[in-house]
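Topology and contacts: notes
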Amino acid sequence: MTTPVLLLILRIAGAALLLAFFAAVGWYLWQDLRATRQVMTGQGVSLGKLRVLANTGERPRPDTTYELSPITTLGRHSRNTIVLNDTYVSGEHALLARRDSQWWLEDLSSRNGTILNDAPLTDPTVISAGDVITIGGVQLKLELPGQNGEEKKSGIRDSNP
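All of these numbers come straight from a predicted model, not from anything done at the bench.

Reading the values: the criteria
- Residues numbered from 1 in each chain as written.
- Predicted model: local features only at pLDDT ≥ 70, side-chain atom pairs only at ≥ 80, totals over all residues.
- Heavy atoms only, no water.
- Salt bridge = Lys/Arg side-chain N within 4 Å of Asp/Glu carboxyl O.
- Helix = DSSP H or I, 4+ residues; strand = E, 2+ residues; numbered from the N terminus.
- Buried < 20%, exposed > 50% of the residue type's maximum accessible area, 1.4 Å probe, protein only.
- Pairing = 2+ DSSP bridges.

**Here's the deal with the pattern of salt bridges**
Overall, the coordinates contain five salt bridges when judged by the stated rule. Put simply, Lys 49 and Glu 67 hold a salt bridge, and the shortest N to O gap is 3.9 Å. A residue pair is termed long-range when its members are at least 10 positions apart, and Lys 49 in strand E1 (residues 49-55) and Glu 67 in strand E2 (residues 65-67) qualify at 18 residues. Given the relative accessible area of 30%, Lys 49 is considered partly exposed. Residue Glu 67 is classed as partly exposed on the basis of its relative accessible area, which comes to 48%. Residues Glu 106 and Arg 99 are paired through a salt bridge, measuring 3.9 Å at the closest nitrogen-oxygen approach. With a relative accessible area of 24%, Glu 106 lands in the partly exposed category. Linked through salt bridges whose partners overlap, the residues forming this network are Arg 51, Asp 63 and Glu 143.

Here is the structure:
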C-alpha cells in the first residue's frame, strides 16, 4: 500500500469518526432539550396544584385549581403564570419555585405582602402540602401529588399482624 492511499484511508476514517462524534453530541443535546421542554410545559409528571379556597373578588372562583410549573409567578399582571385580579395584589406579587425537590415561596417586595399560614412572609420559605397562601383577598392551598392527607405507601408490608 502506498503512502498516498494510506493517508486517504486515514483521512476518511478520521472524517467518519468526527461525523459520528457530532451526531452523538447532537443526539444527546436533542434528548436533553426534549426532556427540559416536557418539564417546563408541565407534560408528564404533575408537580402540584394551587387550589383557591376563598376570594373576596369575582375571579378566580373558589375551588379553581392551577397547575404548578417549576417556576410559578403570582400577581395581577397578565405576564404572571397565575393572574389574580385583586386590587391588593401587586403586578408581580409572589414567586413559587421548585428547588432541590422542595417548593419555595418568596414575596417579590409586594406592597401588601404575602401571608403563609396566617403569618407574614418575610424571607423565602419552604412550603409543603396543605400550606395556605394568602395574597390580597385570595387564599390558595398547595396540593402536591401523592399527598392527599394520607401518607404515601412505601410498598413495604409489615409482617406483624
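**Some remarks on the sheet that holds strand E5 (residues 94-99)**
Pairing is mixed in the open sheet, where five strands are placed in the order E4-E3-E5-E6-E9. A strand with exactly one partner marks an edge of an open sheet, and here the two such strands are strand E4 (82-83) and strand E9 (125-127). Where strand E3 (residues 71-75) and E5 come together, four bridges link them in antiparallel fashion. The residue of E5 that forms the bridge with Thr 73 is Leu 95.

**Some thoughts on the pairing of E1**
Where E1 lies against E2, three bridges are found, and the strand directions are antiparallel. From the neighbouring strand, Lys 49 faces E2, where its bridge partner is Glu 67. Bridge count between E1 and strand E11 (residues 138-143): six bridges; the pairing is antiparallel. Paired with Arg 51 across the two strands is Lys 141, which belongs to E11.

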